[in-house]
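# An overview of the molecular structure
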Amino acid sequence: MDIDFFHSFKDCIEKLDKLGNDYAVAKSKSWHAQELKYSMVASIIKSLPEMPISKAELEAKNHPDYKTYLEETSKAIEKELKLKAKYESQKARFEAYRSLSSLEKATRNIIG
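Now for a look at the structure at hand. (Residues numbered from 1 in each chain as written. Predicted model: local features only at pLDDT ≥ 70, side-chain atom pairs only at ≥ 80, totals over all residues. Heavy atoms only, no water.)

Orientation of helix α1 (residues 5-35) relative to helix α4 (residues 64-111), taken along the N-to-C sense of each, is 160 degrees, at an axis distance of 8 Å. By the criterion of interaxial angle, the relationship of α1 to α4 is roughly antiparallel. As for the relative orientation of α1 and α4, their crossing is left-handed in sense. Classifying every residue of the contact of α1 with α4 gives 17 nonpolar, seven polar and eleven charged. (Axes fitted to C-alpha atoms, helices over the stretch in contact; angles between N-to-C directions. Helix = DSSP H or I, 4+ residues; strand = E, 2+ residues; numbered from the N terminus. Parallel < 35°, antiparallel > 145°, perpendicular 65-115°, else oblique. Left-handed = near helix turned anticlockwise from the far one by under 90°. Nonpolar A, V, L, I, M, F, W, Y, C, P; charged D, E, K, R; others polar.)

A few words now on the packing of aromatic side chains. By the definition in use, this model includes three aromatic pairs. Geometrically, the ring pair formed by F5 and F9 is tilted, given 6.3 Å between the ring centres and 35 degrees between the ring planes. Remark: F9 and F5 occur in helix α1; sequence separation between them is four residues, near one turn of the helix. Grouping residues by exposure puts F5 and F9 together as buried. Chaining the aromatic ring pairs together yields one cluster made of F5, F9 and F94. (Phe/Tyr/Trp six-rings, centres within 6.5 Å; stacked < 30°, edge-to-face > 60°. Buried < 20%, exposed > 50% of the residue type's maximum accessible area, 1.4 Å probe, protein only.)

Next up on the list: the pattern of salt bridges. According to the stated counting rule, one finds nine salt bridges in the structure shown. Between K61 and E57 there is a salt bridge, with its nearest N and O atoms 3.5 Å apart. Placement of both K61 and E57 in helix α3 (residues 53-61) is noted, with a separation of four residues, approximately one turn of the helix. Since its relative accessible area comes to 33%, E57 is described here as partly exposed. A salt bridge links E104 to R108; its shortest N-O distance comes to 2.5 Å. Taken together, the residues E104 and R108, both in helix α4 and four residues apart, mark about one turn of the helix. For R108, a relative accessible area of 56% puts it in the exposed group. (Salt bridge = Lys/Arg side-chain N within 4 Å of Asp/Glu carboxyl O.)

Structure representation (structure tokens):
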């Protein structure tokens, strides 16, 4: 097996760096969207002052704006999770190269 470990490690590290940064951005957007849930409901409830709070809350959760918010939040969470999976996959690739590198080094030491 002839693997260029230097370039393999370099490539993995560069990809890990990029994926890590992309994942961090996606995670922060996902977290932000999830934190806005109660603000979104409260904003819609405020626009329905003639209704009792309990009924207004039900209406708010059925409101088109809230449904749009849920779709956008779902997409943000999906993006976050996909980037996390890619990041973890790249980490596993790095570890595989590291194991192969160690095996090759050990083999060279045995062979001489």
